[in-house]
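Understanding the architecture of this molecule
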Amino acid sequence: MATTEPTTGRTVLPGVPPFTVDDLLKFPDDGNRYELFNGSLLVSPAPTPLHQLAITEMLYVLRRASPPDLVPLTTVNLRVSDRDYYIPDIVVVPKASVESVPLMFSPGDVRLAVEVVSPSTQGRDRALKASAYAAGGIPSYWRIELAEGPALHVYELDGKTYGPPVAHKAGTVVTLQQPYTVSLDPADLIA
């Protein structure tokens, strides 16, 4: 069994860089995950099974602990500006916004953004998204590093930037207070 899948064709995208979110809405549904950073196109393949497992387990942890007015969701549309658009692995948003947002959340809706790092997204998850989410005013950002056992890196907004992340290693239960009280052992995310 092959470990990589062959590509079968090319996708021709409408528009000319730098792209806008409106351009992105005209892209074909070709199985790729398109995001924008300052009008530059970021393309990611579908997550690996281990990546999906970590997302699912974190979603369960967050859902079990969530108060009635907040809800965790996966792979939502996040419009930061006309030229910045992301698809976080998980967000926590007010339940009221779930009922009122038709297509795209704004950073003001998001209490927590979570990204699971993969080889194809490590640069953007570690630096670009941390910077973009902080600039958007998202109070908390959690980065899950699968290659570290896994480890959970927690960023909290300090003014207009995130302070240095606090790393929580597999095998230790951590209790976090933002966006609400939640306890977890990062090891359980891939157990």
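Residues numbered from 1 in each chain as written. Predicted model: local features only at pLDDT ≥ 70, side-chain atom pairs only at ≥ 80, totals over all residues. Heavy atoms only, no water.

**Quick word on the overall build of the chain**
Scanning the chain from N- to C-terminus turns up four helices and 13 strands. Scaling as 2.2 N^0.38, a compact globule of 191 residues should have a C-alpha radius of gyration of about 16 Å, and the chain matches this with 17 Å. Referenced to the eigenvectors of the C-alpha coordinate spread, the extents of the chain come out at roughly 45 × 45 × 30 Å. Taking all 191 residues of the chain together, 44% fall into the buried category. The contacts in the chain between residues at least 6 apart in sequence include a share of 50% that link residues at least 24 apart. For the chain, the exposed surface amounts to about 10,000 Å²; the carbon and sulfur share of it is 56%. On the chain, the mean spot of the 15 positive side-chain charges and the mean spot of the 21 negative ones are 3 Å from each other. (Helix = DSSP H or I, 4+ residues; strand = E, 2+ residues; numbered from the N terminus. Rg over C-alpha atoms; globule rule 2.2 N^0.38 Å. Buried < 20%, exposed > 50% of the residue type's maximum accessible area, 1.4 Å probe, protein only. Contact = heavy atoms within 4.5 Å. Areas by Shrake-Rupley, 256 points an atom, 1.4 Å probe, with all protein chains shown as cover. Lys, Arg positive; Asp, Glu negative; His and termini not counted. Charge placed at Lys NZ, Arg CZ, Asp CG, Glu CD.)

**Focus on the pairing of strand β1 (residues 33-37)**
The element β1 is extensively covered by neighbouring structure, given that four of its five residues are classed as buried. A loop of two residues connects β1 with strand β2 (residues 40-44), the two strands running antiparallel in sequence, and Asn38 in this loop sits at a positive phi of about 50°. (Pairing = 2+ DSSP bridges.)

**Things to note about the nonpolar core**
Grouped together as the largest cluster of nonpolar side chains are 22 residues, with contacts concentrated most on Met58, Leu62, Trp142, Ile144, Leu152, Leu176 and Leu184. Listing elements by their share of this core, those giving two or more residues are α2 (49-65), β6 (90-94), β7 (112-117), β8 (140-145), β9 (151-158), β12 (174-176) and β13 (182-184). For this core, the leading source of residues is α2, giving five residues. In contact with Leu176, not counting residues within four places along its chain, are Trp142, Leu152, Val154, His168, Thr181, Val182 and Leu184. Counting residues in hydrophobic clusters, the runner-up holds 20 residues, among them Val71, Val101, Val110 and Tyr155. (Core = buried A, V, L, I, M, F, W, Y, C linked by side-chain atoms within 4.5 Å.)

**Describing unusual backbone geometry**
Omega for the peptide link from Gly149 to Pro150 comes to -5°, which places this bond in the cis form. For Pro150, the position within the fold is in the loop between β8 and β9. In this structure, the amide linkage connecting Gln178 to the following residue, Pro179, adopts the cis form with an omega of 5°. Unusually for a residue other than glycine, Asn38 sits at a positive phi of about 50°. Structurally, Asn38 is set in the loop between β1 and β2. The class for Asn38 is partly exposed, based on a relative accessible area of 44%.

**Observations concerning the environment of Gly163**
With respect to the secondary-structure elements, Gly163 resides in the loop between β10 (161-162) and β11 (166-168). Expressed as a C-alpha distance, the spacing of Gly163 and Leu73, which sit 90 residues apart in the sequence, is 25 Å. Residues contacting Gly163, with those up to four places away along its chain left out, are Tyr155, Glu156 and Asp158.

**A short note on the pattern of salt bridges**
Under the defined criterion, the tally for this structure stands at eight salt bridges. Measuring nitrogen to oxygen at the nearest pair gives 3.9 Å for the salt bridge that ties Arg124 to Glu35. One end of the pair, Arg124, is in helix α4 (residues 122-135); the other, Glu35, is in strand β1, with 89 residues separating them in the sequence. Like Glu35, Arg124 is buried. We note a salt bridge from Arg79 to Asp82, for which the minimum N-O separation is 2.8 Å. Residue classification places Arg79 among the partly exposed positions, given a relative accessible area of 26%. A network of salt bridges, in which partner residues are shared, links Glu35, Glu115, Arg124 and Lys129. (Salt bridge = Lys/Arg side-chain N within 4 Å of Asp/Glu carboxyl O.)

**Topic: the environment of Ala65**
Among the structural elements, Ala65 can be located in helix α2. On the basis of relative accessibility, which here comes to 28%, the residue Ala65 falls in the partly exposed class. Put simply, Ala65 and Ser183 are 118 residues apart on the chain and 8.3 Å apart in space, counted from C-alpha to C-alpha. For Ala65, the contacting residues outside a window of four places in its chain are Tyr180, Thr181 and Val182.

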